[in-house]
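For reference, the chains in residue letters:
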Amino acid sequence: MSTTVLDQTAAAGHKPPKPHRETYLDAWTVKSWLLTTDHKRIGILYLISITVFFLIGGVAATTMRLELMTPKGDLLSSPDAYNRMFTLHGVAMIFFFLVPSIPATLGNFLLPLMIGARDLAFPIINLMSWYMYMIGGSIAIAIILFGGIDTGWTFYTPFSTMFSNTLVVPAAFAVFFAGFSSIFTGFNFIVTVHTMRAPGMTWFRLPLFIWAHYATSLIMILGTPVLAIAVMLIAVERLLRVGIFDPALGGDPILFQHLFWFYSHPAVYIMVLPGMGVISEIVPCFSRRPIFGYRFIAYSSIALAILGFIVWGHHLFVSGQSMYAGLVFSFLSFLVAVPSAIKVFNWTATMHKGAIRFDTPMLYAIGFIGLFTVGGLTGIMLSTLAVDVHLHDTYFVVAHFHYVMVGGAVLAYLGGLHFWWPKITGRMYPEMFGKLSALAVFIGFNFTFFPQFILGYLGMPRRYFEYAPEFQVLNVMSTAGASVLAFGYGLPLIYFLWSLRKPPSAPANPWQATGLEWQTESPPPTHNFEFTPKVEKAPYSYSPVAVEGFDGYGDHGSH
Amino acid sequence: MHHHVATIKTNLIIFGLLMLLLVATVGAAELPLGPLNFPVAMLIAATKTVLIIFYFMHLTGTDKLTKTIVGTMFLWLVLMILMIMMDYLSRDWLQILGK
Ligand SMILES: [Cu+2]
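Owing to the predicted nature of the structure, the values given are computational and were not obtained by experimental measurement.

Undergrad: Would you take a moment to explain the overall build of chain A for this structure?
TA: Of the regular secondary structure elements, chain A holds 17 helices and 0 strands. Computed over its C-alpha atoms, the radius of gyration of chain A comes to 23 Å, within 12% of the 24 Å expected for a compact globule of 559 residues. The C-alpha extent of chain A, read off along each of the three principal axes, is 70 × 45 × 45 Å. Taking the contacts inside chain A whose residues are at least 6 apart along the sequence as the reference set, 83% of them involve residues at least 24 apart. Total accessible area on chain A stands at roughly 20500 Å², and carbon and sulfur atoms take up 73% of it. Charge centroids of chain A, computed over 29 positive and 26 negative side chains, lie 7 Å from each other.

Undergrad: Just to check I follow, could you spell out the interface of chain B and chain A for this structure?
TA: Note: interface size is frequently given as the accessible area lost on complex formation between the parts. Across the contact, 16 residues belong to chain B and 24 residues belong to chain A. Of the roughly 1800 Å² buried at the junction of chain B and chain A (both faces included), carbon and sulfur atoms supply 81%. If you sort the residues of chain B by the area they bury against chain A, Trp76(B), Met80(B) and Met83(B) come out on top, with a joint share of 31%. Remark: the boundary between chain B and chain A carries 1 salt bridge. Note that Arg91(B) and Asp252(A) form a salt bridge whose closest N and O atoms lie 3.4 Å from each other. The interface formed by chain B and chain A holds 6 residue pairs in polar contact (both at pLDDT 80 or more) in total. Considered class by class, the residues forming the side of chain B that touches chain A number 12 nonpolar, 2 polar and 2 charged.

Undergrad: Before we go on, may I ask you to explain the confidence of the model for chain B in this structure?
TA: If pLDDT is low for a region, its predicted coordinates should not be looked at in detail. Model confidence for chain B is summarised by a mean pLDDT of 86, while 90% of its residues fall at 70 or above. The ipTM, which scores confidence in the relative placement of chains, is 0.84 for this predicted complex, and the corresponding pTM is 0.91.

Undergrad: Before we go on, may I ask you to explain the nonpolar core in this structure?
TA: If you look at soluble globular proteins, the nonpolar side chains tend to sit buried side by side. Residues and elements named next belong to chain A. Phe95, Phe155 and Trp420 are the most contacted members of the largest nonpolar core, which has 164 residues in total. Those residues in contact with tryptophan 420, other than ones at most four positions away along the chain, are Leu106, Leu110, Met114, Phe209, Val278, Glu281, Glu517 and Trp518. Within the second largest apolar cluster, 17 residues are counted, among which are Tyr82, Met85, Leu88 and Tyr395.

Undergrad: What am I meant to see in the coordination of the copper ion here?
TA: Under ideal tetrahedral coordination, the four donors around a metal are separated by 109.5 degrees; under ideal octahedral coordination, the six donors are separated by 90 or 180 degrees. All names here are of chain A. For the copper ion, the protein coordination sphere consists of His265 (ND1), His314 (NE2) and His315 (NE2), at 1.8 to 2.0 Å. Spacing between the donor residues of the copper ion along the chain follows H-x48-H-H. Here the residue histidine 265 occupies a position in helix H9 (residues 253–287), and histidine 315 occupies one in the loop between helix H10 (294–307) and helix H11 (323–335), the gap between them amounting to 50 residues. Each of the two residues, histidine 265 as well as histidine 315, counts as buried.

Undergrad: Would you explain H10(A) in this entry?
TA: Residues spaced three or four apart along an α-helix face the same direction, because each turn holds 3.6 residues. Taking 1.5 Å as the rise per residue, H10(A) with 14 residues should run 20 Å; its terminal C-alpha atoms sit 20 Å apart, in good agreement. Those residues of H10(A) that are buried are in contact with helix H8 (208–240), H9, H11 and helix H12 (337–351) of chain A.

Undergrad: How should I be thinking about the packing of aromatic side chains in this particular structure?
TA: To describe a pair of aromatic rings, one takes the distance between the centres and the angle between the planes. Residues and elements named next belong to chain A. Applying the stated criterion to the full structure yields 51 aromatic pairs over all chains. Their ring planes at 20° and their centres at 6.1 Å tell us that phenylalanine 419 and tryptophan 511 sit as a pair that is stacked. Pair noted here: phenylalanine 419 is in helix H15 (residues 395–425) and tryptophan 511 is in the segment after helix H17 (472–499), with a separation of 92 residues, a long-range link. The exposure classification of phenylalanine 419 matches that of tryptophan 511, with both residues buried. These aromatic residues form a ring-pair network of at least three members: Phe95, Trp153, Phe245, Phe256, Phe260 and Trp261. If you follow arginine 41 out to its NZ or CZ, it ends over the ring of tryptophan 33, 4.1 Å from the centre. If you follow arginine 295 out to its NZ or CZ, it ends over the ring of phenylalanine 204, 3.7 Å from the centre.

Undergrad: Would you mind showing me how to read the pattern of salt bridges here?
TA: A pair can form between side chains of opposite charge whenever their charged atoms are brought close. On inspection of all chains with the given rule, the structure shows 8 salt bridges over all chains. With a shortest N-O distance of 3.1 Å, Asp38(A) and Lys40(A) are connected by a salt bridge. Judged by relative accessible area, Lys40(A) falls into the buried class, the value being 0%. Ionic pairing is found between Asp87(B) and Arg91(B), a salt bridge with its closest N-O pair at 2.9 Å. On the accessibility criterion, Arg91(B) (24% relative accessible area) is partly exposed.

Reading guide: rules and limits
- Every chain is numbered independently, its residues counted from 1 as its sequence is written.
- Both sets of labels track the order of writing: A upward for chains, 1 upward for ligands.
- At least 70 in pLDDT is required for a residue's local features to be given in this predicted model, at least 80 for side-chain atom pairs to be given and counted, and no such filter applies to totals for whole chains, interfaces and linings, which use all residues.
- With hydrogens and water set aside, each side-chain value is computed from the structure's full complement of heavy atoms.
- The way it works is that DSSP assigns letters per residue, a run of H or I at least four long becomes a helix, a run of E at least two long becomes a strand, and they are numbered from the N terminus.
- Only the C-alpha atoms count toward the radius of gyration. The rule for a globule is 2.2 Å times the residue count to the power 0.38.
- We call two residues in contact whenever any of their non-hydrogen atoms come within 4.5 Å of each other.
- Surface accessibility follows the Shrake-Rupley procedure with a 1.4 Å probe radius. Residue values consider only the protein chains on display as shielding.
- Charge convention: Lys and Arg are scored as positive, Asp and Glu as negative, and His as well as the terminal groups of each chain are ignored.
- The atoms used to mark charge sites are NZ of Lys, CZ of Arg, CG of Asp and CD of Glu.
- Defined in terms of a 1.4 Å probe, buried area is the accessible area two parts forfeit on being brought together, summed over both.
- By definition, a salt bridge exists where a carboxyl oxygen of Asp or Glu is found within 4 Å of a side-chain nitrogen of Lys or Arg.
- For the purposes of these results, a polar contact is taken to be a pair of N or O atoms within 3.5 Å, where, inside protein, one atom must be able to donate a hydrogen and its partner to accept one; residues adjacent in sequence count only when each atom of the pair is a side-chain atom.
- For this classification, Asp, Glu, Lys and Arg are treated as charged, while Ala, Val, Leu, Ile, Met, Phe, Trp, Tyr, Cys and Pro are nonpolar and the rest, including Gly, are polar.
- pLDDT measures how confident the predictor is about each residue, on a scale from 0 to 100.
- Buried Ala, Val, Leu, Ile, Met, Phe, Trp, Tyr and Cys residues that are joined via side-chain atoms within 4.5 Å together make up what is termed a nonpolar core.
- Think of it in three bands: with a 1.4 Å probe and only protein chains considered, a residue is buried below 20% of the maximum accessible area for its type, exposed above 50%, and partly exposed in between.
- The rule for donors is simple: N, O or S, within 2.8 Å of the metal, or within 3.2 Å if the metal is Na, K or Ca. Water isn't counted, so a site may look like it is missing partners.
- Take the residue count of a helix, subtract one, and multiply by 1.5 Å to get its expected span.
- In this analysis, rings of Phe, Tyr and Trp, with Trp reduced to its six-membered ring, are considered paired at centre separations within 6.5 Å, and the interplanar angle assigns stacked below 30 degrees, edge-to-face beyond 60, and tilted for intermediate values.
- We call a charge positioned over a ring when the NZ of a Lys or the CZ of an Arg lies within 6 Å of the ring centre and within 35 degrees of the ring normal.

Encoded structure:
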């Protein structure tokens, strides 16, 4: 390790005088942002864009929860308006928020820093990825303004091709472009990990965040083309009346479900694997212990990427798929529990006998572990053939995937954002408010979605505008929880922005973490490192002794 | 890295082969092969694809890693089709009363 590194670590504890040094944030012209090829700046462009879609999706969710306060449809003008609302929520949150959330923001920013590279392998393609996303996103916003779409985010045929008279074809194009933005990201990450690792950064010295992103990238390039083609086929059938999915024209509607879920089940792992990578960074750092079972966690990421591709039929148990195929898909779905459990047990074992600190990122990480476990286990229930006949298309399914997507992916995203905020912006956030937001999100989330498990089990179908009066109490609980959740989401939005008002003052390594990204300044210089990083040890070489000088936000905080 | 530069001659040969295969596609579609029409058409299409990937997209001159990734993608396509066929081929196994 070079001497520069040691000096920086030593200086991290007290307040160093900050002469101006060059950082990646120096240029502030419009051109310097829109034409940047710096992976860190593109990460920030993505951060801003996905936040906009998170807010759009959030407004749709709020409207739905308010509508569902009463059994009668009284807030929205018609059931069709409600259909457009949940479709908007799904499309915005899945394709324009969750899929790019961690990879395109934190992944973009951190992947080169973590492996000691100056940038991604193809910086211009990285910028093109953001433009693809923006084209898709602009189409999506135009769709909202010109009447919306009512098929659900799943675009099931024959409704989407034969019956819906909303903007299905533009939506297909929006998804197509968003898909290509993630293909560009995925293949850039794969090439970068293969070719641009710093000297000494062997495969088994890679942070688990990188392993998780490598696995995610594999899914992105292997799965996304199928989604892009499936939605294009919908456009082709709608516009040209070529028989692909419509039985009247010689097609098969279930074929669409096969193609759609061949991508969209693995897409669950596009959304949650990067989150698992974030948790694997946070847990050892705040437990001051090396990660337990490094290789098992690394391999389980790859296992999830592969297994994720052969279970999609569990979405088709009651759709007319052959029962024998259903049996095979049910069995394969159970297998996914193995690599998922390996991760959960290894994180728990890492915390065992650790010197645990409950800072904001760690609170989010612990929340992730618990909620992801609930989401995973209810997934096992749903992949049981007979149980699924009862639970299919009920609120039980809605609760299950929100435990994975929100309890898992979003909590990891927020945890990661807090963890690396000092690195990205050079500012600390107010720790007290951070803890409050983690707590509000956890409590609000459970209040929102746990009642939905019960609602679904009792038989309340999803995607209904009106419902039987006996379900009202649980629905009101859910809506009340959603307002706490919204408060928990709103806090970071405010204090993160608020933290930007002062000049950067965060130390290079506020958490005394071991990754390469912490060895360069906060915020990093344009070329990431002022020295060539050299790696000589295994990752996560934490020991309780290193807690000395760990002042976290300490005197650099905003009090 | 070693860069494979395709000569104009190779490209022309591949182009000629692709044109022959195009004729073969049209011809095979006219032949009364019954259930074999589809597999034959797929076989010709796959051959065309392989030629394009290896020569026009320069896979011949690249390293092992690129070949592995392209191979994996092909494998994934096969996996998808096979597992979808698992549904279609076994749909009628279960006799439904009254049907
Ligand atoms: Cu699934």
